[in-house]
Amino acid sequence: MGKIILTGDRPTGRLHVGHYVGSLRRRVELQNSGEYDKTFIMIADAQALTDNIENPEKVRQNIIEVALDYLACGLDPAKSTLFIQSQIAELCELTFYYMDLVTVSRLQRNPTVKSEIKMRNFEASIPVGFFTYPISQAADITAFKATTVPVGEDQLPMIEQTREIVRKFNAVYEEVLVEPEVLLPENDACMRLPGIDGKAKMSKSLGNCIYLADSADEVRKKIMSMYTDPEHIQVSDPGHIEGNTVFTYLDAFCRPEHFERYLPDYADLNELKAHYQRGGLGDVKVKKFLNNIIQEELEPIRTRRKEFEKDIPAIYEMLKKGSDIAREVAAQTLSEVKRAMKINYFEDMALIQSQAEKYGQES
Ligand code: TRP
(Lines give C-alpha, C1' and ligand atoms only; values in the text may rest on other atoms or scores of the structure.)
Protein backbone atom coordinates (compact mmCIF):
# COMPACT_ATOMS: atom_id res chain seq x y z
CA MET A 1 0.00 0.00 0.00
CA GLY A 2 1.20 3.47 -0.90
CA LYS A 3 2.11 6.42 1.28
CA ILE A 4 -0.54 9.09 1.67
CA ILE A 5 -0.32 12.52 3.30
CA LEU A 6 -3.18 14.34 4.94
CA THR A 7 -2.94 17.54 6.90
CA GLY A 8 -4.68 20.86 7.22
CA ASP A 9 -5.31 24.11 9.02
CA ARG A 10 -8.20 25.92 10.62
CA PRO A 11 -9.13 28.96 8.54
CA THR A 12 -9.22 31.55 11.31
CA GLY A 13 -6.66 33.95 9.85
CA ARG A 14 -3.89 34.34 7.33
CA LEU A 15 -1.01 31.92 7.73
CA HIS A 16 2.21 33.16 9.33
CA VAL A 17 5.85 32.13 9.45
CA GLY A 18 5.08 29.83 12.39
CA HIS A 19 2.82 27.80 10.11
CA TYR A 20 5.51 28.00 7.47
CA VAL A 21 8.43 26.49 9.39
CA GLY A 22 6.09 24.29 11.43
CA SER A 23 4.50 22.54 8.50
CA LEU A 24 3.95 24.38 5.20
CA ARG A 25 7.56 24.31 4.03
CA ARG A 26 7.78 20.59 4.74
CA ARG A 27 4.48 19.86 2.99
CA VAL A 28 5.72 21.40 -0.21
CA GLU A 29 8.93 19.34 -0.02
CA LEU A 30 6.94 16.17 0.58
CA GLN A 31 4.57 17.00 -2.23
CA ASN A 32 7.50 17.42 -4.60
CA SER A 33 9.54 14.49 -3.30
CA GLY A 34 7.70 11.93 -5.39
CA GLU A 35 7.66 9.60 -2.38
CA TYR A 36 3.96 9.92 -1.73
CA ASP A 37 1.18 8.53 -3.84
CA LYS A 38 -1.26 11.20 -2.76
CA THR A 39 -1.26 14.43 -0.80
CA PHE A 40 -4.45 15.84 0.70
CA ILE A 41 -4.47 19.34 2.18
CA MET A 42 -7.62 20.28 4.02
CA ILE A 43 -8.99 23.64 5.06
CA ALA A 44 -10.57 22.63 8.37
CA ASP A 45 -13.52 25.02 8.43
CA ALA A 46 -15.86 22.68 10.31
CA GLN A 47 -13.27 22.28 13.01
CA ALA A 48 -12.71 26.05 13.11
CA LEU A 49 -16.44 26.48 13.76
CA THR A 50 -16.23 24.30 16.88
CA ASP A 51 -14.70 27.21 18.76
CA ASN A 52 -15.96 30.08 16.61
CA ILE A 53 -19.66 29.44 16.91
CA GLU A 54 -20.45 33.13 17.14
CA ASN A 55 -18.18 34.01 14.26
CA PRO A 56 -18.99 32.07 11.09
CA GLU A 57 -18.12 35.08 8.94
CA LYS A 58 -14.52 34.93 10.13
CA VAL A 59 -14.21 31.33 9.01
CA ARG A 60 -15.91 32.08 5.70
CA GLN A 61 -13.62 35.03 4.94
CA ASN A 62 -10.46 33.13 5.72
CA ILE A 63 -10.99 30.17 3.39
CA ILE A 64 -9.58 32.17 0.50
CA GLU A 65 -6.73 33.58 2.62
CA VAL A 66 -5.56 30.11 3.60
CA ALA A 67 -5.96 28.83 0.04
CA LEU A 68 -3.88 31.75 -1.30
CA ASP A 69 -1.20 31.13 1.31
CA TYR A 70 -1.11 27.44 0.36
CA LEU A 71 -0.69 28.18 -3.32
CA ALA A 72 1.82 30.93 -2.61
CA CYS A 73 4.00 28.49 -0.66
CA GLY A 74 4.04 26.10 -3.59
CA LEU A 75 1.30 23.61 -2.84
CA ASP A 76 0.26 22.64 -6.32
CA PRO A 77 -3.26 21.46 -7.19
CA ALA A 78 -1.73 19.34 -9.96
CA LYS A 79 0.12 17.34 -7.32
CA SER A 80 -1.98 17.78 -4.16
CA THR A 81 -5.69 17.73 -3.52
CA LEU A 82 -6.72 20.93 -1.75
CA PHE A 83 -10.22 20.78 -0.30
CA ILE A 84 -12.66 22.15 2.27
CA GLN A 85 -13.63 19.95 5.20
CA SER A 86 -17.30 20.96 5.48
CA GLN A 87 -17.93 19.99 1.86
CA ILE A 88 -17.24 16.33 2.61
CA ALA A 89 -20.36 15.05 4.37
CA GLU A 90 -18.76 11.61 4.64
CA LEU A 91 -16.45 12.99 7.33
CA CYS A 92 -19.44 13.68 9.60
CA GLU A 93 -20.75 10.19 9.06
CA LEU A 94 -17.42 8.64 9.97
CA THR A 95 -17.19 10.86 13.03
CA PHE A 96 -20.58 9.65 14.21
CA TYR A 97 -19.54 6.00 14.02
CA TYR A 98 -16.14 6.59 15.62
CA MET A 99 -17.92 8.18 18.58
CA ASP A 100 -18.90 4.64 19.61
CA LEU A 101 -15.23 3.82 20.03
CA VAL A 102 -14.17 6.66 22.34
CA THR A 103 -15.06 7.34 25.96
CA VAL A 104 -15.80 10.72 27.49
CA SER A 105 -12.97 10.28 29.98
CA ARG A 106 -10.50 9.58 27.19
CA LEU A 107 -11.45 12.87 25.53
CA GLN A 108 -11.15 14.65 28.85
CA ARG A 109 -7.59 13.39 29.12
CA ASN A 110 -6.58 14.69 25.67
CA PRO A 111 -3.95 17.33 26.56
CA THR A 112 -4.68 19.59 23.59
CA VAL A 113 -8.40 19.61 24.33
CA LYS A 114 -7.64 20.23 27.99
CA SER A 115 -5.46 23.26 27.36
CA GLU A 116 -7.79 24.66 24.72
CA ILE A 117 -10.74 24.40 27.10
CA LYS A 118 -8.72 26.46 29.59
CA MET A 119 -7.60 28.97 26.97
CA ARG A 120 -11.15 29.57 25.74
CA ASN A 121 -12.76 29.65 29.19
CA PHE A 122 -14.96 26.76 28.15
CA GLU A 123 -14.74 25.07 31.57
CA ALA A 124 -18.28 25.92 32.59
CA SER A 125 -19.92 25.00 29.31
CA ILE A 126 -17.95 23.04 26.77
CA PRO A 127 -19.69 22.76 23.41
CA VAL A 128 -20.07 19.07 22.55
CA GLY A 129 -18.79 19.70 19.04
CA PHE A 130 -15.63 21.22 20.40
CA PHE A 131 -15.18 18.46 22.95
CA THR A 132 -15.40 15.80 20.27
CA TYR A 133 -13.24 17.45 17.61
CA PRO A 134 -10.44 14.91 18.13
CA ILE A 135 -12.88 12.28 16.87
CA SER A 136 -13.70 14.37 13.84
CA GLN A 137 -9.99 14.82 13.25
CA ALA A 138 -9.63 11.02 13.29
CA ALA A 139 -12.28 10.93 10.58
CA ASP A 140 -10.35 13.52 8.53
CA ILE A 141 -7.21 11.42 8.67
CA THR A 142 -8.66 7.93 8.25
CA ALA A 143 -11.10 8.86 5.47
CA PHE A 144 -8.07 9.29 3.23
CA LYS A 145 -6.19 6.30 4.69
CA ALA A 146 -3.39 8.72 5.45
CA THR A 147 -0.12 7.11 6.46
CA THR A 148 1.62 10.38 7.23
CA VAL A 149 0.36 13.50 8.99
CA PRO A 150 2.79 16.44 9.00
CA VAL A 151 1.75 18.69 11.89
CA GLY A 152 3.11 20.65 14.82
CA GLU A 153 3.78 19.16 18.21
CA ASP A 154 0.49 20.47 19.62
CA GLN A 155 -1.29 18.00 17.34
CA LEU A 156 0.44 14.91 18.75
CA PRO A 157 -2.45 14.04 21.09
CA MET A 158 -4.83 14.19 18.11
CA ILE A 159 -2.78 11.71 16.14
CA GLU A 160 -2.48 9.45 19.17
CA GLN A 161 -6.26 9.56 19.59
CA THR A 162 -6.64 8.72 15.90
CA ARG A 163 -4.31 5.75 16.22
CA GLU A 164 -6.35 4.43 19.15
CA ILE A 165 -9.58 4.75 17.18
CA VAL A 166 -8.01 2.92 14.24
CA ARG A 167 -6.78 0.07 16.43
CA LYS A 168 -10.14 -0.23 18.13
CA PHE A 169 -12.07 -0.13 14.88
CA ASN A 170 -9.85 -2.70 13.21
CA ALA A 171 -10.07 -4.99 16.25
CA VAL A 172 -13.84 -4.72 16.76
CA TYR A 173 -14.87 -4.79 13.11
CA GLU A 174 -12.39 -5.46 10.33
CA GLU A 175 -8.97 -4.26 9.18
CA VAL A 176 -10.22 -1.31 7.19
CA LEU A 177 -8.47 1.73 8.66
CA VAL A 178 -4.81 2.75 8.47
CA GLU A 179 -2.81 3.84 11.50
CA PRO A 180 -1.13 7.15 10.66
CA GLU A 181 2.36 8.31 11.61
CA VAL A 182 3.03 11.86 12.65
CA LEU A 183 5.76 13.88 10.97
CA LEU A 184 7.07 16.61 13.26
CA PRO A 185 9.00 19.74 12.24
CA GLU A 186 12.77 19.42 11.85
CA ASN A 187 13.84 21.14 15.09
CA ASP A 188 12.62 22.78 18.30
CA ALA A 189 12.63 26.28 16.82
CA CYS A 190 10.40 25.14 13.94
CA MET A 191 8.16 23.33 16.37
CA ARG A 192 7.59 26.32 18.62
CA LEU A 193 8.37 29.50 16.75
CA PRO A 194 7.60 32.34 19.18
CA GLY A 195 5.95 35.63 18.31
CA ILE A 196 8.17 38.63 17.56
CA ASP A 197 7.60 39.75 21.17
CA GLY A 198 9.15 36.52 22.45
CA LYS A 199 5.79 35.24 23.70
CA ALA A 200 5.38 31.51 23.45
CA LYS A 201 2.97 31.46 20.55
CA MET A 202 2.29 33.58 17.54
CA SER A 203 -1.30 34.71 17.64
CA LYS A 204 -3.38 37.21 15.80
CA SER A 205 -4.87 38.59 19.01
CA LEU A 206 -1.41 39.28 20.45
CA GLY A 207 -0.40 41.07 17.24
CA ASN A 208 2.99 39.33 17.26
CA CYS A 209 2.90 37.46 13.95
CA ILE A 210 4.85 37.81 10.75
CA TYR A 211 2.37 36.87 8.03
CA LEU A 212 3.36 35.25 4.77
CA ALA A 213 1.41 38.00 3.01
CA ASP A 214 3.10 40.88 4.87
CA SER A 215 4.91 43.40 2.66
CA ALA A 216 8.72 43.48 2.68
CA ASP A 217 8.55 46.68 4.67
CA GLU A 218 6.21 45.26 7.32
CA VAL A 219 8.44 42.21 7.69
CA ARG A 220 11.54 44.35 8.11
CA LYS A 221 9.87 46.55 10.73
CA LYS A 222 8.70 43.51 12.66
CA ILE A 223 12.14 41.92 12.61
CA MET A 224 13.86 45.12 13.70
CA SER A 225 11.43 45.37 16.64
CA MET A 226 11.95 41.77 17.77
CA TYR A 227 12.45 40.86 21.38
CA THR A 228 16.06 39.86 22.07
CA ASP A 229 18.02 39.71 25.32
CA PRO A 230 16.96 42.45 27.75
CA GLU A 231 20.36 42.19 29.50
CA HIS A 232 22.26 42.79 26.27
CA ILE A 233 22.34 46.58 26.41
CA GLN A 234 25.74 47.60 25.07
CA VAL A 235 27.18 45.90 22.02
CA SER A 236 30.11 44.82 24.20
CA ASP A 237 27.84 43.07 26.74
CA PRO A 238 27.76 39.29 26.67
CA GLY A 239 24.37 38.18 25.33
CA HIS A 240 22.02 35.25 25.84
CA ILE A 241 20.88 32.96 23.07
CA GLU A 242 18.20 31.08 25.00
CA GLY A 243 14.83 32.78 24.78
CA ASN A 244 16.30 35.27 22.33
CA THR A 245 13.71 35.48 19.57
CA VAL A 246 16.14 36.51 16.85
CA PHE A 247 18.28 33.45 17.42
CA THR A 248 15.26 31.17 17.63
CA TYR A 249 14.21 32.48 14.22
CA LEU A 250 17.72 31.90 12.90
CA ASP A 251 17.51 28.30 14.14
CA ALA A 252 14.33 27.93 12.12
CA PHE A 253 15.33 29.78 8.95
CA CYS A 254 19.10 29.93 8.60
CA ARG A 255 21.05 27.66 6.23
CA PRO A 256 24.85 27.54 5.75
CA GLU A 257 24.68 29.32 2.38
CA HIS A 258 23.08 32.34 4.03
CA PHE A 259 26.42 33.11 5.68
CA GLU A 260 28.27 33.13 2.37
CA ARG A 261 25.66 35.48 1.00
CA TYR A 262 24.96 37.87 3.83
CA LEU A 263 27.52 37.44 6.62
CA PRO A 264 30.74 35.98 5.23
CA ASP A 265 32.73 36.88 8.36
CA TYR A 266 31.15 33.92 10.10
CA ALA A 267 31.37 30.29 9.08
CA ASP A 268 28.06 29.23 10.56
CA LEU A 269 25.36 29.88 13.13
CA ASN A 270 27.43 28.44 15.95
CA GLU A 271 30.16 31.00 15.37
CA LEU A 272 27.62 33.81 15.32
CA LYS A 273 26.05 32.57 18.54
CA ALA A 274 29.45 32.25 20.22
CA HIS A 275 30.32 35.84 19.32
CA TYR A 276 27.00 37.10 20.69
CA GLN A 277 27.53 35.20 23.93
CA ARG A 278 31.08 36.53 24.26
CA GLY A 279 29.97 40.10 23.71
CA GLY A 280 30.85 42.52 20.92
CA LEU A 281 28.04 41.65 18.55
CA GLY A 282 25.10 44.05 18.33
CA ASP A 283 21.43 43.11 17.97
CA VAL A 284 21.02 45.27 14.88
CA LYS A 285 23.62 43.31 12.94
CA VAL A 286 21.95 40.01 13.80
CA LYS A 287 18.51 41.39 13.01
CA LYS A 288 19.67 42.64 9.63
CA PHE A 289 21.07 39.20 8.86
CA LEU A 290 17.76 37.58 9.86
CA ASN A 291 15.89 40.13 7.78
CA ASN A 292 17.95 39.25 4.69
CA ILE A 293 17.22 35.56 5.17
CA ILE A 294 13.50 35.93 5.79
CA GLN A 295 13.07 38.39 2.93
CA GLU A 296 14.79 35.94 0.60
CA GLU A 297 12.47 33.17 1.75
CA LEU A 298 9.23 35.20 1.68
CA GLU A 299 9.84 37.16 -1.52
CA PRO A 300 8.89 34.37 -3.96
CA ILE A 301 5.92 33.45 -1.77
CA ARG A 302 4.64 37.02 -1.83
CA THR A 303 5.12 37.28 -5.59
CA ARG A 304 3.27 34.04 -6.24
CA ARG A 305 0.46 35.14 -3.92
CA LYS A 306 0.04 38.36 -5.93
CA GLU A 307 -0.31 36.29 -9.10
CA PHE A 308 -2.94 34.01 -7.60
CA GLU A 309 -4.85 36.99 -6.17
CA LYS A 310 -5.57 38.06 -9.75
CA ASP A 311 -8.09 35.28 -10.30
CA ILE A 312 -10.04 34.55 -7.13
CA PRO A 313 -12.93 32.68 -8.81
CA ALA A 314 -10.35 30.22 -10.18
CA ILE A 315 -9.25 29.45 -6.64
CA TYR A 316 -12.78 28.62 -5.52
CA GLU A 317 -13.08 26.47 -8.63
CA MET A 318 -9.86 24.65 -7.72
CA LEU A 319 -11.14 24.06 -4.16
CA LYS A 320 -14.42 22.77 -5.53
CA LYS A 321 -12.62 20.31 -7.80
CA GLY A 322 -10.40 19.25 -4.92
CA SER A 323 -13.43 18.76 -2.70
CA ASP A 324 -15.06 16.57 -5.37
CA ILE A 325 -11.98 14.36 -5.51
CA ALA A 326 -11.73 14.22 -1.71
CA ARG A 327 -15.41 13.29 -1.45
CA GLU A 328 -14.95 10.31 -3.73
CA VAL A 329 -12.03 9.01 -1.70
CA ALA A 330 -13.86 9.51 1.60
CA ALA A 331 -16.98 7.83 0.20
CA GLN A 332 -14.96 4.76 -0.68
CA THR A 333 -13.59 4.51 2.87
CA LEU A 334 -17.03 5.14 4.34
CA SER A 335 -18.48 2.31 2.31
CA GLU A 336 -15.77 -0.04 3.58
CA VAL A 337 -16.45 1.17 7.12
CA LYS A 338 -20.18 0.54 6.78
CA ARG A 339 -19.59 -2.90 5.36
CA ALA A 340 -17.28 -3.74 8.28
CA MET A 341 -19.89 -2.40 10.72
CA LYS A 342 -22.60 -4.46 9.03
CA ILE A 343 -24.74 -1.49 8.09
CA ASN A 344 -24.60 -2.05 4.34
CA TYR A 345 -27.99 -3.78 4.10
CA PHE A 346 -28.96 -2.93 0.56
CA GLU A 347 -25.75 -4.05 -1.07
CA ASP A 348 -25.64 -7.29 0.90
CA MET A 349 -27.57 -9.79 -1.25
CA ALA A 350 -26.60 -12.65 1.06
CA LEU A 351 -28.31 -10.89 3.95
CA ILE A 352 -31.50 -10.30 2.01
CA GLN A 353 -31.44 -13.88 0.76
CA SER A 354 -30.94 -15.41 4.19
CA GLN A 355 -33.70 -13.28 5.73
CA ALA A 356 -36.00 -14.33 2.92
CA GLU A 357 -35.19 -17.98 3.57
CA LYS A 358 -35.85 -17.49 7.26
CA TYR A 359 -39.38 -16.54 6.26
CA GLY A 360 -39.72 -19.51 3.96
CA GLN A 361 -39.09 -17.82 0.66
CA GLU A 362 -37.16 -19.71 -2.02
CA SER A 363 -34.76 -17.78 -4.20
N1 TRP B 1 -6.26 20.59 14.26
C2 TRP B 1 -5.54 21.16 13.16
C3 TRP B 1 -5.16 22.60 13.55
O4 TRP B 1 -5.68 23.13 14.50
C5 TRP B 1 -6.34 21.20 11.88
C6 TRP B 1 -6.78 19.83 11.42
C7 TRP B 1 -8.06 19.39 11.32
C8 TRP B 1 -5.92 18.77 11.03
N9 TRP B 1 -8.08 18.10 10.88
C10 TRP B 1 -6.80 17.69 10.69
C11 TRP B 1 -4.54 18.59 10.93
C12 TRP B 1 -6.30 16.47 10.27
C13 TRP B 1 -4.05 17.37 10.51
C14 TRP B 1 -4.93 16.30 10.18
O15 TRP B 1 -4.35 23.19 12.88
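Residues numbered from 1 in each chain as written. Predicted model: local features only at pLDDT ≥ 70, side-chain atom pairs only at ≥ 80, totals over all residues. Heavy atoms only, no water.

Visitor: Where do I start with the overall build of the chain in this structure?
Guide: Helix and strand content of the chain: 17 helices and five strands. Considering only intrachain contacts with a sequence separation of at least 6, the fraction spanning at least 24 residues in the chain is 77%. Carbon and sulfur atoms make up 53% of the accessible area of the chain, which amounts to about 17700 Å² in all. For the chain, the separation between the mean place of its 45 positive charges and that of its 56 negative charges on side chains is 2 Å. (Helix = DSSP H or I, 4+ residues; strand = E, 2+ residues; numbered from the N terminus. Contact = heavy atoms within 4.5 Å. Areas by Shrake-Rupley, 256 points an atom, 1.4 Å probe, with all protein chains shown as cover. Lys, Arg positive; Asp, Glu negative; His and termini not counted. Charge placed at Lys NZ, Arg CZ, Asp CG, Glu CD.)

Visitor: I keep staring at the environment of methionine 158 and nothing clicks. Help me out?
Guide: Within the secondary structure, methionine 158 sits in helix H9 (residues 156-172). As for methionine 158 and valine 182, which are separated by 24 residues in sequence, their C-alpha atoms are 9.9 Å apart.

Visitor: Help me understand the site of the ligand, please; the structure alone is not making it clear to me.
Guide: Close to the ligand lie 13 residues, the nearest being Arg10, Gln47, Gln137, Asp140 and Gln155. Here a nitrogen atom of the ligand sits 2.7 Å away from a polar atom, N or O, in the side chain of glutamine 47. Alone, the ligand offers 370 Å² of accessible surface; in the complex the protein occludes 90% of this. Sorting the residues of the shell around the ligand by element identifies strand E1 (4-9) and helix H8 (133-143) as the ones contributing at least two each. Split by residue class, the shell around the ligand holds six nonpolar, five polar and two charged. (Near = heavy atom within 4 Å. Polar contact = N/O pair within 3.5 Å; in protein donor to acceptor, adjacent residues only side chain to side chain. Nonpolar A, V, L, I, M, F, W, Y, C, P; charged D, E, K, R; others polar.)

Visitor: Help me understand the nonpolar core, please; the structure alone is not making it clear to me.
Guide: A general feature of soluble globular proteins is that nonpolar side chains tend to end up buried together. Core analysis: the biggest nonpolar cluster contains 57 residues, and Tyr249, Leu250, Phe253 and Leu272 have the highest contact counts within it. When residues of this core are assigned to their parent elements, the largest contribution, nine residues, is made by helix H3 (residues 56-73). In this structure, this core is formed jointly by two domains, domain 1 (4-191 + 312-353) and domain 2 (216-308), each of which donates at least three residues. Ignoring anything within four residues of it in the chain, the contact list for tyrosine 249 reads Val17, Leu193, Pro194, Gly195, Ile196, Met202, Ile210, Met226, Cys254, Leu290 and Ile294. Among the nonpolar cores identified, the runner-up in size contains 42 residues, and Ile88, Leu101, Phe122 and Val337 belong to it. (Core = buried A, V, L, I, M, F, W, Y, C linked by side-chain atoms within 4.5 Å. Buried < 20%, exposed > 50% of the residue type's maximum accessible area, 1.4 Å probe, protein only. Domains from an automatic or database assignment.)

Visitor: Before we go on, may I ask you to explain H8 in this structure?
Guide: Side chains of residues three or four places apart in an α-helix project in the same direction, reflecting 3.6 residues per turn. Counting buried residues along H8, eleven of its eleven residues qualify, which places the element largely inside the surrounding structure. Buried within H8 are the following residues: Tyr133, Pro134, Ile135, Ser136, Gln137, Ala138, Ala139, Asp140, Ile141, Thr142 and Ala143. The first or second residue beyond H8 is lysine 145, which carries a positive phi of 50°.

Visitor: Looking at this structure, I do not really get the side chain of glutamate 336. What am I missing?
Guide: Relative to the elements of secondary structure, glutamate 336 occurs in helix H16 (residues 312-340). Within the structure, the side chain of glutamate 336 is placed 2.8 Å from the side chain of glutamine 332, a separation counted as a polar contact. Filtering out sequence-adjacent residues up to four positions away, glutamate 336 remains in contact with Lys145 and Val176.

Visitor: Mind showing me how you'd approach the domain arrangement of the chain here?
Guide: Interface size is commonly expressed as the accessible surface area that is lost when the partners come together. Domain annotation of the chain identifies domain 1 (4-191 + 312-353) and domain 2 (216-308). Taken over C-alpha atoms, the centre of domain 1 sits 35 Å from the centre of domain 2. Listed by partner, the interface residues are 17 residues for domain 1 and eleven residues for domain 2. Across the domain 1/domain 2 interface, buried area totals approximately 1200 Å², and carbon plus sulfur atoms make up 61% of it. Where domain 1 meets domain 2, there are two salt bridges. As a salt-bridge pair, arginine 305 and glutamate 65 come within 2.9 Å of each other at their nearest N and O atoms. Counting every contact that joins domain 1 to domain 2 gives six residue pairs in polar contact (both at pLDDT 80 or more). Elements with a contribution of two residues or more to the side of domain 1 that touches domain 2: helix H1 (17-33), H3, helix H10 (188-191) and H16. For the side of domain 1 that touches domain 2, the element with the most residues is H3, which contributes six residues. Looking at the side of domain 1 that touches domain 2 residue by residue, the class counts come to eleven nonpolar, two polar and four charged. (Buried area = accessible area lost by both parts, 1.4 Å probe. Salt bridge = Lys/Arg side-chain N within 4 Å of Asp/Glu carboxyl O.)

Visitor: Please clarify how the environment of serine 354 should be interpreted in this entry.
Guide: By secondary structure assignment, the location of serine 354 is in helix H17 (residues 349-358). On the basis of relative accessible area, serine 354 is assigned to the partly exposed category, the value being 37%.

Visitor: Explain the environment of phenylalanine 253 here, please?
Guide: In this fold, phenylalanine 253 is placed in helix H12 (residues 245-253). Judged by its relative accessible area of 1%, phenylalanine 253 is buried. Along the chain, phenylalanine 253 and asparagine 291 lie 38 residues apart, while their C-alpha atoms are 10 Å from each other. Among all residues touching phenylalanine 253, those that are not within four sequence positions of it are Val17, Tyr20, Val21, Arg25, Leu193, His258, Ile293, Ile294 and Glu297.

Visitor: What should I look at first to understand the pairing of E1 in this one?
Guide: In the case of a regular strand, side chains alternate between the two sheet surfaces. With five of six residues buried, E1 is to be regarded as a mostly interior element. Sheet topology places E1 next to strand E2 (residues 38-43); six bridges connect them, and they run parallel. Following the sheet pairing, isoleucine 5 is matched in E2 by threonine 39. In terms of handedness, the path from E1 via H1 over to E2 forms a crossover that is right-handed. (Pairing = 2+ DSSP bridges. Right-handed = clockwise from strand over helix to strand, strands pointing away.)

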